[in-house]
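Read off the chains here:
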Amino acid sequence: MIALLKRDLALAIRAGGGFGLALAFFLIVVTLTPFAVGPDSATLATIAAGILWLGALLSCLLSLDRILALDFEDGSLELLATAPIPLEGVATIKAFAHWLTTGLPLTLAAPVLGVLLHLPTDGFFWLTLSLAIGTPALSVIGTFGAALTVGLKRGGLLLSLIVLPLYVPTLIFGAEVARRGTQGMSADTPLALLAGITLATVALLPFASAAAIRINLR
Amino acid sequence: MSERLPKPTSLWEYANPRRFMALSGFLLPFVAVGTAAALLIGLIWGFFFTPDDYRQGSTVKIIYIHVPSAMVAINAWLMMLVASLIWLIRRHHVSALAAKAAAPVGATMTLIALATGAIWGQPMWGTWWAWDPRLTSFLVLFLFYLGYMALWAAIENDDTAAELTSVLCIVGSVFAVLSRYALVFWNQGLHQGASLSLDKEENVSDVFYWPLLFCLAGFVGFFILLILVRTRTEVRARRMKALQARERMA
């Protein structure tokens, strides 16, 4: 499993695209926001946390189809399915590799981009914390979406349509943590709920992903 | 279909497409007449023979479309969930086809509920739309329907499509419920609470209650009718495909 993780990480970093693309997209979304709503720093400060969460979510979406599509095309997914490690484990590792190459960099980049959007000082800690806790759920849910659409020729748009409604609870609680934290309110409750969603999806969704992969390989 | 089928001994035997077609063909006229009667009674009674509400005026009458369509919209998804589970567990093709048939109906009902709600909300709340948990969760439900239908449409192999949409339906159900409670947490509501419960002291007044019951029955009947017709169409489409395939082989 560790070998698989190393392989996926190496592929994501070396094969170009996936790794830097999500970060660049995140930067672009944040850059475009003031053009859309105006450069007024008070306005930007109130929406900064939400925009950063939305931007991270969309950037995450961008690289989802790479999780399984390349392995499906060259046949290594079939080898993985017949390998001694369970397919559920493969799905988990794939999601983890996706998180390490997109979720984690996005989390680290978010405070820097927060400066561009005049995020209030209190917000930095809560934004980073909520992204760190929430983005694993995004990767796991995304892996499920990728597993559903892996056999399709042009699954990209469909993948977004399927995955985005599933992102609703994570986004609500994640952005709520960042928003309450920014306004200096207690963010304990949404934080606990966000962590609950992440843990539950990490524990349960790989089974659904593996089932979907098996159906697609049949 | 000329030969007689032996008498069924269990409900599951209706999973046999031939039995399903026979039974649904037999039931269809009764459901259609019952639905038409309930809808006609409910709507005419509701629209013309109930008093205007003293505060809402005649806009209150939109309840006869809004509430039943909302109820069907939610229960259509529930039916899809049950049908998907039956397909995954017992592998009855009719079940998968019924789930497929229910999705567009459910999506349309969701849209009707949203649209009638907006038309009522404009004069009453002074706004077409508010980010109220109930309204928003219906919008999210609509998105779930869209994703489900898109997945059905995108996959060429029928069995693969049935399997994958079933998995999506089950996972989606969990997330739909989760979204519902997340939205309650997220924003305060503007929408009034339930007023049709059987166990509550305070319900909607009897003058509105009885025609509404007819409308609910009518909408449920209409849903069943559409599901039967659409499932029969799907079964026939499958048969045609099989016949064409056989012809090509010969």
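Residues numbered from 1 in each chain as written. Chains lettered and ligands numbered in written order. Predicted model: local features only at pLDDT ≥ 70, side-chain atom pairs only at ≥ 80, totals over all residues.

(A) Just the overall build of chain A, in detail. Scanning chain A from N- to C-terminus turns up ten helices and zero strands. Reading the helices (α) and strands (β) of chain A from amino to carboxyl end gives α-α-α-α-α-α-α-α-α-α. Considered along the principal axes of its C-alpha atoms, chain A spans approximately 55 × 35 × 30 Å. Within chain A, the fraction of its 218 residues that count as buried is 53%. Partitioning the intrachain contacts of chain A with sequence separation of at least 6 by distance along the chain shows that 82% fall at a separation of at least 24. (Helix = DSSP H or I, 4+ residues; strand = E, 2+ residues; numbered from the N terminus. Buried ≥ 20, exposed ≤ 12 C-beta atoms within 10 Å, placed from the backbone. Contact = placed C-beta atoms within 7 Å.)

(B) Geometry of the overall build of chain B. Looking only at helices and strands, chain B features six helices and zero strands. The order of helices and strands in chain B, counted from the N terminus, is α-α-α-α-α-α. Projected onto the principal axes, the alpha-carbon positions of chain B cover approximately 70 × 40 × 30 Å. Counting all 250 residues of chain B, 36% fall into the buried class. When contacts within chain B are restricted to residue pairs at least 6 apart in sequence, those whose partners lie at least 24 apart make up 75%.

(C) Up close: the interface of chain A and chain B. Contact with chain A, which involves 18 residues of that partner, is made by 21 residues of chain B. Put simply, the parts of the chain that give the side of chain A that touches chain B at least two residues each are α7 (121-149), α8 (156-166), α9 (168-182) and α10 (188-217) of chain A. Residue classes in the side of chain A that touches chain B are distributed as 16 nonpolar, one polar and one charged. (Nonpolar A, V, L, I, M, F, W, Y, C, P; charged D, E, K, R; others polar.)

(D) Representation of the nonpolar core in the model. Ranked by size, the top nonpolar core spans 134 residues in total, and within it L52 and A212 of chain A together with A76 and A102 of chain B carry the most contacts. Residue contacts for L52 of chain A: discarding those within four places in its chain leaves A110, L113, G114, L117 and L127 of chain A. (Core = buried A, V, L, I, M, F, W, Y, C linked by C-beta atoms within 7 Å.)

(E) View of α10 of chain A. When the terminal C-alpha atoms of α10 of chain A are compared, their 43 Å separation across 30 residues agrees well with the 44 Å that a helix rising 1.5 Å per residue should span. At L204 of chain A, α10 of chain A is bent by approximately 35 degrees, the largest bend along its length, and proline P206 of chain A sits one to four residues beyond. (Expected span 1.5 Å × (residues − 1). Bend = angle between axes of the 7 residues up to and from the residue.)

(F) Layout of the packing of helix α6 (residues 87-116) of chain A against α7 of chain A. Residues and elements named next belong to chain A. At a closest axis distance of 8 Å, the pairing of α6 and α7 adopts a crossing angle of 150 degrees. Taken as axis vectors, α6 and α7 run roughly antiparallel relative to one another. Relative to α7, α6 is oriented so that their crossing is right-handed. Across the contact of α6 with α7, the residue classes tally to 14 nonpolar, ten polar and one charged. (Axes fitted to C-alpha atoms, helices over the stretch in contact; angles between N-to-C directions. Parallel < 35°, antiparallel > 145°, perpendicular 65-115°, else oblique. Left-handed = near helix turned anticlockwise from the far one by under 90°.)

(G) Structural context of helix α2 (residues 63-90) of chain B. Helix length check: α2 of chain B, at 28 residues, gives a terminal C-alpha distance of 39 Å against a target of 40 Å (1.5 Å per residue), a fit within 8%. Where α2 of chain B ends, the next residue or the one after it, R91 of chain B, has phi of about 60 degrees, a positive value.

(H) Seen up close, the packing of helix α3 (residues 93-125) of chain B against helix α4 (residues 133-154) of chain B. Residues and elements named next belong to chain B. Following both chains from N to C, one finds α3 and α4 inclined at 155 degrees, their axes separated by 9 Å at the closest point. Relative to α4, α3 is oriented roughly antiparallel. In this structure, α3 crosses over α4, and the sense of that crossing is left-handed. Facing α3, whose interface residues are K100, A103, P104, G106, A107, T110, L111, A113, L114 and G117, α4 presents L135, F138, L139, L141, F142, Y145, L146, Y148, M149 and W152.

(I) Focus on unusual backbone geometry. The phi angle at H118 of chain A is positive, at roughly 55 degrees, despite the residue not being glycine. Structurally, H118 of chain A can be placed in the loop between α6 and α7. Not every positive phi belongs to a glycine, and R91 of chain B is a case in point at roughly 60 degrees. Mapping R91 of chain B onto the fold places it in the loop between α2 and α3.

(J) Representation of the environment of A176 of chain B within the structure. All names here are of chain B. Topologically, A176 is positioned in helix α5 (residues 158-186). It is 15 Å that separates the C-alpha atoms of A176 and W186, two residues lying ten residues apart in sequence. Every residue in contact with A176, bar those within four places of it in the chain, is listed here: L141 and F144.

(K) Structural detail: the confidence of the model for chain B. Residues and elements named next belong to chain B. Per-residue pLDDT for chain B averages 85, and the proportion of residues at 70 or more is 91%. Across chain B, the element-wise mean pLDDT spans from 88 in α5 up to 91 in α2. Reported confidences for the modelled complex are a pTM of 0.87 and an ipTM of 0.86. (pLDDT = per-residue confidence, 0-100.)

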